[in-house]
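Residue strings, one per chain:
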Amino acid sequence: MKQTKCRIEMKCQKCDKKATMHITDLVGSKPVELHLCAEHAQEYLAQTENGMSPVGGNMASALAAQMAQQMAFSKVSDEFSKSDQETCPVCGLTFFEFRANSRLGCPEDYQTFRKQLTPLLMNIHGECRHTGKRPSCFGEEDARKLTALIGYRREMSEAIETESYEKAGMLRDKIRKLESEAGIE
Amino acid sequence: MTVEELVQSRREWLRNDGPDSEIVVSSRIRLARNAAAFPFIAKLSDDEKKRVIELLRKAVRKTTFGQNCSLFFMDELGGLERKLLVECHLISRELAEGEGPRCAMISPNGHFSLMFIEEDHLRMQCIKSGFCLQEVWREMNDLDTQIEKNLVYAWNQELGYLTACPTNVGTGMRVSVMLHLPALALTRQFNKVHNSLQKISLIVRGLYGEGSHAWGDFYQISNQVTLGLSEEEILSQVHDVVRAVIGYEKKARDFLLEENREKLEAGLEECLKSIRAAKTISAQETLKCLSAIRLGINLGLLSDISLDVVNQLMLQIQPAYLQWIYGGVESSLDASEFRAQYLRKYLLGIWNED
């Protein structure tokens, strides 16, 4: 297991450049800290990736490794932390939460984090456009309309918390209407 | 149907009557889907989980599948029952060990199982004996299309079916074929096959799925890519590769039979002897023996055991099944003793030596 963290002001252990990537790797059972510039981090991660055994390799750890690698390629620490704080307006997930758990919070996240996810999808799938099955009974618009409900419900509970009851009431009516149209109980 | 009845019934995919079943144990397809109106699992409250379950139940009940399947709420099952369902490949470990409201709908013959509130709102699988991906896909796709009439999935034109993890987005489809490749292993050719599979983005895993070992030379080959290829393209990619691997395994079996028949027979005899004599036996050792027996049957070296018995035993030597058969944990025997006892009784029964 590798852990990749960002800190500031340290020299790369392999050259004179600033170390932007700080990697904790397990060698045997001992954790070893490495401080590397982007180039050497890339080289190091590529090396350890190739050494990984694929039988029994699981998707989530492969994804985490790919994310770490991707960050090493393209991010310096400032950009990195800015991107971490980006939040989905619909479900409230931050990009940091996604990086930590490899799980998205709602369908809208694919739009919210599009910039960060596109290179990741290219890494995993080699493509970023669906060419397979299309639902026969509903379209993208129907799905989007329903996904908006996730945001309305969140807004409503926030309104209740801040005692904005008029707003909460309006949202409740809107939610009920949409849900009953969609047959959601 | 209760869990015990499900476990006792001979699941059809174990029958070993499908195409190429001397090498291919089973063909399986799973689809990942989410309801558009609710957050993915990471942001779903327990109340919302219940609402999603109701929504999915309603949608599935209206399908031809939904009318005669059994519904199991994980919270209402005991730990042993949940483990049994995992060992029988009817639900995932993640569903069994998860928290909060979650359930599974399973068809009586075990072909279909649908999991609600797993990594995605809905994970459904169809599994059949032998090498029959097209047939499995036809049935899986048909059920998916029926559900779609009653439920709006999270979907968009650009990325297809939207899933909690980007590794499944697009088709949401994972195609897995379980193969028994003892001859490739014995002739030390499996690594070559393995390396070439990796180059074309196919995943190779052991018998019990993610993170497991390839005990007994059982391997699962599945697709990694779910986006950018259509379902048919993914199917044909896996199909072509598996077809080629079957060819290599057959050649290796012919070679073994011609060049090493005596060695094979001696090895098989050794395995049978050790089952007869063992007081304790590990799962790994058992799978090694079952693998040798399976190969022996396929090469005509052994005629009094059938392949479906071996398939059945592969599931029954696992800890929860043994615990269930031998009545719980309150015993001085450990799993390896139960296992040895069970195997001996089962196989000696077949050989009329009991």
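Every residue gets a number counted from 1 within its own chain, in the order that chain's sequence is written. The lettering of chains begins at A and the numbering of ligands begins at 1, in the order of writing. In keeping with the model being predicted, local features are shown solely for residues with a pLDDT of at least 70 and side-chain atom pairs are shown and tallied solely at 80 or more, while totals for entire chains, interfaces and linings include all residues. Only hydrogens and water are removed before side-chain values are computed, so all heavy atoms of the structure are retained for them.

Participant: Which parts of the structure should I look at to understand the overall build of chain A?
Facilitator: Strands are runs of DSSP state E lasting at least 2 residues, helices are runs of H or I lasting at least 4, and numbering of each runs from the N terminus. Along chain A, the regular secondary structure elements total 8 helices and 3 strands. Helices (α) and strands (β) of chain A occur, in sequence order from the N terminus, as β-β-β-α-α-α-α-α-α-α-α. The 185 residues of chain A split such that 40% are buried. Pairs at least 24 apart in sequence give 37% of the contacts found in chain A among residues at least 6 apart. A 1.4 Å probe rolled over the protein chains alone gives each residue an accessible area, and that area as a share of the maximum for its type sets the label: buried under 20%, exposed over 50%, partly exposed in between. Residue contacts are defined here by distance: any two heavy atoms, one from each residue, within 4.5 Å place the two residues in contact.

Participant: Sorry if this is basic, but what is going on with helix 2 (residues 46-61) of chain B here?
Facilitator: Residues that lie three or four places apart on an α-helix share one face, since the helix turns once every 3.6 residues. Given the number of residues in a helix, its expected span is that number minus one, multiplied by 1.5 Å. Between its terminal C-alpha atoms helix 2 of chain B stretches 22 Å, which fits the 22 Å expected from 16 residues at 1.5 Å a residue. All buried positions along helix 2 of chain B are accounted for by Glu48, Lys49, Val52, Ile53, Leu55, Leu56, Ala59 and Val60 of chain B. All buried residues of helix 2 of chain B project into a common sector of 165 degrees when viewed along the axis, lining one side. Buried residues in helix 2 of chain B make contact with helix 7 (140-161) of chain A together with strand 2 (70-73), strand 3 (103-106), strand 4 (112-116), strand 5 (122-129) and helix 5 (133-148) of chain B. By arc we mean the arc of the directions from the helix axis to the C-beta atoms, nothing more.

Participant: Looking at this structure, how should I read the side chain of asparagine 156 of chain B?
Facilitator: With respect to the element layout, asparagine 156 of chain B can be found in strand 6 (residues 155-156). Definition of a polar contact: a pair of N or O atoms within 3.5 Å, with one able to donate and the other able to accept a hydrogen when the atoms are protein atoms, and with sequence-neighbouring residues admitted only if both atoms are side-chain atoms. Reaching out from asparagine 156 of chain B, the side chain makes a polar contact with the backbone nitrogen of glutamate 158 of chain B at a distance of 3.1 Å. Only 2.7 Å separates the side chain of asparagine 156 of chain B from the backbone nitrogen of leucine 159 of chain B, close enough to count as a polar contact. Among all residues touching asparagine 156 of chain B, those that are not within four sequence positions of it are Glu140 of chain A together with Leu162 of chain B.

Participant: Where do I start with the packing of aromatic side chains in this structure?
Facilitator: The way to describe two aromatic rings as a pair is by their centre distance and the angle between their planes. Aromatic pairing here means that ring centres of Phe, Tyr or Trp (its six-membered ring) are within 6.5 Å. Orientation follows from the plane angle: under 30 degrees is stacked, over 60 is edge-to-face, and everything else is tilted. Counted according to the given criterion, the structure contains 9 aromatic pairs over all chains. Consider the rings of tyrosine 153 of chain B and tyrosine 161 of chain B, whose centres lie 5.9 Å apart with planes at 75 degrees: the pair is edge-to-face. The interplanar angle of 65 degrees and the centroid separation of 5.5 Å between the aromatic rings of tyrosine 321 of chain B and tryptophan 324 of chain B together place this pair among those described as edge-to-face. With tyrosine 321 of chain B and tryptophan 324 of chain B both in helix 12 (residues 319-325) and 3 residues apart, the pair spans about one turn of that helix. Here tyrosine 321 of chain B matches tryptophan 324 of chain B in class, with each residue buried. Put simply, the rings of Tyr321, Trp324, Tyr342 and Tyr346 of chain B pair up and form one aromatic cluster. One cation-aromatic arrangement involves arginine 153 of chain A over phenylalanine 38 of chain B; the distance from NZ or CZ to the ring centre is 4.3 Å. Here, a charge over a ring means that NZ of Lys or CZ of Arg falls within 6 Å of the ring centre while also lying within 35 degrees of the ring normal. Stacked on the ring of tyrosine 161 of chain B, the Lys or Arg arginine 33 of chain B has its end atom at 3.5 Å from the ring centre.

Participant: What exactly am I supposed to notice about the interface of chain B and chain A here?
Facilitator: Reports often express the size of an interface as the amount of accessible area lost when the parts come together. With 56 residues of chain B at the contact, the number on the chain A side is 48 residues. Basic side-chain nitrogens of Lys or Arg form a salt bridge, by our definition, when they fall within 4 Å of a carboxyl oxygen of Asp or Glu. Run the count over chain B and chain A and you get 6 salt bridges. Two residues, glutamate 185 of chain A and lysine 58 of chain B, come together in a salt bridge whose shortest N-O distance is 3.3 Å. Between the two partners, chain B and chain A, sit 25 residue pairs in polar contact (both at pLDDT 80 or more). For the side of chain B that touches chain A, the elements supplying multiple residues, two or more each, are helix 2, helix 5, strand 6, strand 7 (160-161), helix 7 (190-199), strand 9 (202-205) and helix 8 (231-259) of chain B.

Participant: It is not clear to me how unusual backbone geometry should be interpreted in this structure. Could you clarify?
Facilitator: Among all residues save glycine, negative phi is the norm, and among peptide bonds the norm is trans. All names here are of chain B. Residues other than glycine seldom take positive phi values, yet aspartate 20 does so here, at roughly 55 degrees. Relative to the elements of secondary structure, aspartate 20 occurs in the loop between helix 1 (3-8) and strand 1 (24-33). Look at arginine 188: it is not a glycine, yet its phi comes out positive at around 55 degrees. Within the secondary structure, arginine 188 sits in the loop between helix 6 (182-186) and helix 7.

Participant: Sorry, what's going on with the sheet that holds strand 10 (residues 218-223) of chain B here?
Facilitator: Where strands meet in a sheet, backbone hydrogen bonds hold them as pairs that are either parallel or antiparallel. Residues and elements named next belong to chain B. At least two bridges found by DSSP between two strands is the condition for calling them paired. Spatially, 8 strands are ordered 2-3-4-5-1-8-10-9 in an open sheet, and the strand pairing comes out antiparallel. Of all strands in the sheet, those with a lone pairing partner are strand 2 and strand 9, marking the two edges. The average angle at which neighbouring strand axes cross in this sheet is 20 degrees, direction not considered. Taken strand by strand, helix 2 contacts strand 2, strand 3, strand 4 and strand 5, and its axis lies near 155 degrees from that of strand 4. Taken strand by strand, helix 5 contacts strand 1, strand 4, strand 5 and strand 8 (173-180), and its axis lies near 150 degrees from that of strand 5. As a rule, the C-alpha atoms of each element are fitted with a line to give its axis, helices using only the stretch in contact, and angles between N-to-C directions run from 0 to 180 degrees.

Participant: Which parts of the structure should I look at to understand the domain arrangement of chain B?
Facilitator: All names here are of chain B. Split by domain assignment, chain B resolves into domain 1 (3-253) and domain 2 (262-351). Our count for the contact surface shared by domain 1 and domain 2 stands at 0 salt bridges. Applying the counting rule to domain 1 against domain 2 returns 10 residue pairs in polar contact (both at pLDDT 80 or more). Elements represented by at least two residues in the side of domain 1 that touches domain 2 include exactly helix 1, helix 3 (79-87) and helix 6. Among the elements that line the side of domain 1 that touches domain 2, the one with the most residues is helix 3, at 4 residues. Under the convention adopted here, Pro, Cys and the residues Ala, Val, Leu, Ile, Met, Phe, Trp and Tyr are nonpolar, Asp, Glu, Lys and Arg are charged, and Gly plus all remaining residues are polar. Taken together, the residues of the side of domain 1 that touches domain 2 sort by class into 13 nonpolar, 6 polar and 9 charged. Source of the domain bounds: an automatic or database domain assignment.

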